[in-house]
Every structure is written in structure tokens, then in C-alpha cells.
Amino acid sequence: MAEFPVIALRSVELATPDLAASVDFYTRVWGLDVVAEAEDKIFLAATGDDFHVLELKQSDRSELRKISFRVGTAEALVWLLAKTVAAGCTVLREIGLADGPAGGERFVIREPQGSALEFVHGDCRKQGVVVANRPQRLAHVNINSAEIEALSDFYRNILDFRLTDRSKLMAFLRCNDDHHAVVLAEAPVNGLNHVAFLMPDLESVMRGSGRVVDHGYPIGWGVGRHGPGDNVFVYFVDPQGVVIEYTAEVLQVDDGYRFKGPEEWVWPPGRTDHWGIAPPKSDACKKAQISIGFSGA
């Protein structure tokens with residue numbers, strides 16, 4: 001088995017009660033491009049080499065429908081399916097040809113706390129480019145968990161992610177050199193906390209944020225620099241209540257990185273980020289971060 005059977009966070013699928021408004025926001029304001037439409041879904045791409053990073057589907061409410069990960073080999077795909085089944089996951093789709101336009105082989109499971117996870121191998125890629133002020137790819141997905149240690153164990157012991165840091169309320173897990181691809185947040189309910197999109201640099205985070213503000217969407221938290229991961233961040237709430245983040249400069253780590261626990265990730269009173277300049281998170285952002293559930297859970 002390869003060092004990491006899962007090699008990247010690829011995409012997320014969101015349900016939206018207003019598909020047209022969501023597509024308009026993510027293209028005109030957020031900086032993605034529509035690359036395909038298939039059945040009742042619309043696929044949007046960033047500027048990097050992933051065929052798409054976001055799927056949108058019409059529904060009666062906003063939900064996280066699935067998180068999609070790229071797997072390094074066909075053997076790892078089979079191995080992961082066996083591991084997840086043995087761990088008590090519900091199989092939603094067995095290994096087979098993916099039905100989306102990116103192709104490849106995939107399987108889909110629902111992990112014990114309710115989120116649907118897709119694992120894909122051999123999907124289509126495109127020629128990636130770096131475009132200032134526009135997202136390149138997904139950086140991470142942050143999942144709320146009422147039982148964070150159990151979900152952390154699942155990602156580490158079943159999916160072979162590695163725990164890089166643990167703050168008082170969050171666990172940071174990686175599947176490549178990025179400090180984290182998945183973040184787990186302690187919360188009263190399971191669901192989606194937010195989705196982070198990687199920007200080319202700090203300047204792009206700032207200018208991209210200015211574009212979003214110019215279109216009438218206030219900053220929910222930031223601009224600041226996180227502790228674990230050392231990444232620059234700014235949070236917004238999309239038109240349908242989903243929290244999204246622009247980020248850049250994510251720390252690159254290897255096996256020599258020293259894990260730090262909650263006793264080390266402590267800020268002085270009143271500080272919410274590494275720089276000490278980010279204002280408190282808005283009430284609207286805090287509410288939205290615990291309002292998006294898992295589809296079908």
C-alpha cells in the first residue's frame with residue numbers, strides 16, 4: 001500500500017435550494033467556472049488541474065451531499081472499500097465507473113457519523129494554470145462532529161490520514177504534504193462547518209475578498225492567519241448559508257513535523273488568529289457554521 005492511499009481532497013457536492021443563484025455566485029463572485037452539466041447537477045472548476053472542485057444540485061435545503069477524495073491506485077481503492085466496510089460504513093455505491101463527467105472508478109460510503117464520502121481513481125484532469133485572485137483547488141473541508149475523537153480515529157485508522165495538530169476544539173488531518181485536508185471541529189451536531197478554497201497567494205486572498213465584498217457579501221471572519229497550518233484565511237457565507245473560505249500559504253509538512261496539542265495552541269486573551277488582528281467571528285458566520293447538515297443522514 002502507498003504511503004497515503006488517499007492522495008488529495010478533490011471536490012465537494014452541495015445541495016442548494018436555489019441552483020441558479022448558487023451558480024451565479026460561484027462563477028460571477030467566487031471565481032469558479034461551469035465545466036459540465038449532467039442530469040440535475042452543475043460542475044464547477046477552479047483554475048488547477050482538477051476537472052471540477054464543486055458540484056451543485058437543486059434541493060429543498062442547503063446540505064453537504066458528499067466529499068470526494070482522489071485515491072492513488074486501483075489497489076488502494078479496493079483496499080479502502082474493504083476497510084470502510086469492516087469499520088461499519090454503509091456502502092452507497094460499490095466500485096464502478098463514476099457517473100460524473102470526470103470519469104474514473106469510484107465507490108461511495110457513508111461513515112458512521114453521517115457524511116457521504118466518495119473515493120475516486122483515474123478521473124480526468126485538465127491543464128492547470130495559476131490565475132491571480134481566483135481559486136486553484138480545494139484546500140480543506142471542515143466537518144462538525146459531536147464525537148470528534150471517534151471521527152478522528154476513523155480518518156486515521158481506516159483511511160490512513162495522519163493527525164498533524166490538535167487544538168482545543170479541532171483536529172487537523174493530512175493525506176499529502178498539505179498540513180491538513182480535513183479538519184474536524186467539536187460541535188453539538190454533525191454536519192458541515194465550512195469549505196476552504198486555495199488561492200495562489202496572500203494578495204489573491206485580499207483581492208478576491210475585495211471582489212466578494214464589492215458584490216455585497218460581508219466578511220464573516222478575517223482576514224487573519226490560522227495557528228495550525230499557518231494559512232491565511234477569510235470566511236464568507238454564501239447566498240444559501242454555506243460558510244466558505246479563501247486561504248493561501250498552507251504549511252507544507254513531512255514526517256519530521258512535530259505534532260502540537262491543545263496545550264500549545266493557546267492564544268492570548270481576545271486574540272483569534274496568529275497575527276492578532278482578526279476581529280471576532282460574526283454571529284451570522286457562527287450560526288451558519290453549525291446549520292448545514294449531511295444529505296441523507
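Residues numbered from 1 in each chain as written. Predicted model: local features only at pLDDT ≥ 70, side-chain atom pairs only at ≥ 80, totals over all residues. Heavy atoms only, no water.

1. Side note on the overall build of the protein
For clarity, the threshold we go by: Numbering of helices and strands runs from the N terminus; a helix is a DSSP stretch of H or I covering at least four residues, while a strand is a stretch of E covering at least two. Throughout, radius of gyration means the C-alpha value; the globule benchmark is 2.2 Å times the number of residues raised to the power 0.38. Summary of the burial criterion: residues with accessible area below 20% of their type's maximum are buried, those above 50% are exposed, and those between are partly exposed, where the area comes from a 1.4 Å probe applied to protein chains only. Only heavy atoms enter the contact rule, under which two residues are in contact if any of them lie within 4.5 Å. Per-residue accessibility takes into account occlusion by the displayed protein chains alone, with areas from the Shrake-Rupley method and a 1.4 Å probe. Positive charges are assigned to Lys and Arg, negative charges to Asp and Glu, while His and the chain termini are left out of the count. The location of each charge is read from NZ of Lys, CZ of Arg, CG of Asp or CD of Glu.
Each helix and strand counted, the protein has five helices and 17 strands in total. In terms of C-alpha radius of gyration, the protein reaches 18 Å, essentially the compact-globule figure of 19 Å for 297 residues. With the C-alpha coordinates aligned to their principal axes, the bounding extent of the protein is approximately 50 × 45 × 35 Å. Looking at the 297 residues of the protein, the share that counts as buried comes to 53%. Considering only contacts within the protein whose residues lie at least 6 apart along the sequence, 67% involve residues at least 24 apart. Carbon and sulfur atoms make up 53% of the accessible area of the protein, which totals about 12,200 Å². Side chains of the protein carry 30 positive and 41 negative charges; the gap between the two charge centres is 2 Å.

2. Quick look at the pairing of strand 3 (residues 41–45)
Looking along a regular strand, one sees the side chains alternate between the two faces of the sheet. As a reminder of what qualifies: At least two bridges found by DSSP between two strands is the condition for calling them paired.
Across the five residues of strand 3, five count as buried, placing the element largely inside the fold. As paired elements, strand 2 (residues 33–38) and strand 3 share five bridges and run antiparallel to each other. Residue pairing in the sheet places Asp33 in a bridge with Ala45 of strand 3. Linking strand 2 back to strand 3 in an antiparallel pair, the connection comprises two residues, with Glu39 at a positive phi of about 55 degrees. Two elements, strand 3 and strand 4 (residues 54–58), share four bridges in a ladder whose sense is antiparallel. If you follow Leu44 over to strand 4, its bridge partner there is Leu54.

3. A short note on the pattern of salt bridges
Going by this rule: The rule for a salt bridge is simple: a side-chain nitrogen of Lys or Arg has to be within 4 Å of a carboxyl oxygen of Asp or Glu.
Tallied over the entire structure, the rule returns 29 salt bridges. Among the ionic pairs, Asp24 bridges to Arg28, the shortest N-O distance being 2.8 Å. Taken together, the positions of Asp24 and Arg28, both in helix 1 (residues 19–29) and four residues apart, correspond to about one turn of that helix. A relative accessible area of 48% places Arg28 in the partly exposed class. With its nearest N and O atoms 2.8 Å apart, the salt bridge here joins Asp50 to Arg70.

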